[in-house]
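# Geometric and topological summary
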Amino acid sequence: MNDEPSVIRAAEAATDWLIDKGYTNVLVEVANEADNAGFKHDVIKPSGGAVQLIERLKARSKNRVASPAGRLLVSTSLNGGRVPTDSLVGAVDFVLLHGNGVADPARITQMVDETRKLPNYRGQPIVFNE
C-alpha cells in the first residue's frame, strides 16, 4: 500500500467485512511479524502506530459482534524469538509469539515467562502461531 491512510482504510474495511458477515469466532492479527524490515508504514510497526491501530479496530468493532467480548479480538506478532513490548501487550487481546528461527527449545519457555512478567500483561492467552 502506498501510504498509512491506505493501510488504515484496509484494516477498517476488513474489520467491517468480518462484522457484516457475522463472524464471531475470529482472531484478528493486524500484521504478521509487524517488526519486519519490509514493512514501510509505521502504523503497523510495534515502535510506531501498532498500538493505536489495534485500539482503533477494537473500538470499531465494539458492540457490533455477538461474542462474549462484544467485539473482535485483535493482536499482532513479531519476528520469531522476540517478545512484544509492554505497551503492545497492554493493547492486545491475545499475545502472538513466533518460535520460528528459535534453535533452543528452552527459549520458547523463556519467551512465555518474559511475556508474563511484563507490567501490562493481564493474563491474556499466549499463542504460538508459527
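Up top you'll find the structure we're talking about.
Below you will find a few notes about this structure. (Residues numbered from 1 in each chain as written. Predicted model: local features only at pLDDT ≥ 70, side-chain atom pairs only at ≥ 80, totals over all residues. Heavy atoms only, no water.)

### Considering the pattern of salt bridges
Put simply, the test is: In what follows, salt bridge is the name for a side-chain nitrogen of Lys or Arg lying within 4 Å of a carboxyl oxygen of Asp or Glu. Working definition: helices are DSSP H or I runs of at least four residues, strands are E runs of at least two. Numbering for both runs from the N terminus. Type-normalised accessible area, obtained with a 1.4 Å probe on protein chains alone, sets the label of each residue: buried when under 20%, exposed when over 50%, and partly exposed for intermediate values.
Using the criterion set out here, one finds nine salt bridges in the structure. For Arg56, the salt bridge is made with Glu12, and the minimal N-O distance between the two is 2.6 Å. Taken together, the positions of Arg56 in helix α2 (residues 50-61) and Glu12 in helix α1 (residues 4-21) put the pair 44 residues apart, joining distant regions of the chain. Using a relative accessible area of 13% as the deciding quantity, one classes Glu12 as buried. Between Arg64 and Asp16 there is a salt bridge, with the nearest N and O atoms lying 3.4 Å from each other. One end of the pair, Arg64, is in the loop between α2 and β2 (73-75); the other, Asp16, is in helix α1, and 48 residues separate them in sequence. Exposure remark for Arg64: the relative accessible area of 40% places this residue in the partly exposed category.

### Notes on the packing of aromatic side chains
Our working rule: For Phe, Tyr and Trp, where Trp contributes only its six-membered ring, two rings pair if their centres lie within 6.5 Å, and the inter-plane angle classes them as stacked under 30 degrees, edge-to-face over 60, or tilted in between.
In total, this model carries one aromatic pair according to the counting rule given. Here Trp17 and Tyr23 contribute two aromatic rings whose centre-to-centre distance is 5.6 Å and whose plane-to-plane angle is 50 degrees, an arrangement assigned as tilted.

### Section: the side chain of Glu33
Quick reminder of the rule: The charge count treats Lys and Arg as positive and Asp and Glu as negative. His and the chain ends do not count. When checking whether two residues touch, look at their non-hydrogen atoms; a contact exists if any pair is within 4.5 Å.
In this fold, Glu33 is placed in the loop between β1 (27-29) and α2. No salt bridge forms around the buried Glu33; measuring N to O, its nearest opposite-charge neighbour Arg82 is 9.8 Å away. With sequence-adjacent residues up to four places away left out, Glu33 is seen in contact with Phe39, Ser77, Leu78, Asn79, Gly80, His98, Asn100 and Glu130.

### What about unusual backbone geometry?
Phi is positive for Glu33, close to 55 degrees, though the residue is something other than glycine. Among the residues examined, Glu33 registers a relative accessible area of 13% and is labelled buried. We note that Asn63 has phi near 65 degrees; this positive angle belongs to a residue other than glycine. If you trace the backbone, Asn63 turns up in the loop between α2 and β2.

### A short note on empty space enclosed by the protein
Heads up, the condition is: Of the two site types, the cavity is a set of points on a 1 Å grid over the protein atoms alone where a 1.4 Å probe fits but cannot get out, and the pocket is an open set with protein on both sides within 12 Å along at least five of seven lines, each lined by residues with an atom within 4 Å of a point. Grid points are joined across faces, edges and corners, and a volume is the space filled by probe spheres set on the points. Any residue that is not Ala, Val, Leu, Ile, Met, Phe, Trp, Tyr, Cys, Pro, Asp, Glu, Lys or Arg is counted as polar, Gly included; the first ten are nonpolar and the last four charged.
For the structure on display, the rule yields one cavity of 30 Å³ or more. Approximately 40 Å³ is the volume found for the largest cavity. Along its surface, the largest cavity is lined by Ser75, Thr76, Ser77, Leu78, Pro84, Leu88, Val92, Phe94, Val95 and Leu96. Among the residues making up the lining of the largest cavity, the classes are represented as seven nonpolar, three polar and no charged.

### Overview of the nonpolar core
The condition is simple: Here, the term nonpolar core denotes a set of buried Ala, Val, Leu, Ile, Met, Phe, Trp, Tyr and Cys residues that are joined through side-chain atoms within 4.5 Å.
Membership of the largest hydrophobic core comes to 31 residues, with the highest contact counts inside it found for Val28, Val43, Ile44, Leu53, Ile54, Leu72 and Leu88. Within the residue set of this core, elements represented by two or more residues are α1, α2, α3 (86-91), β3 (95-97) and α4 (105-116). Discounting chain neighbours no more than four positions away, the residues touching Leu53 are Ile8, Ala11, Val30, Val43 and Ile44.

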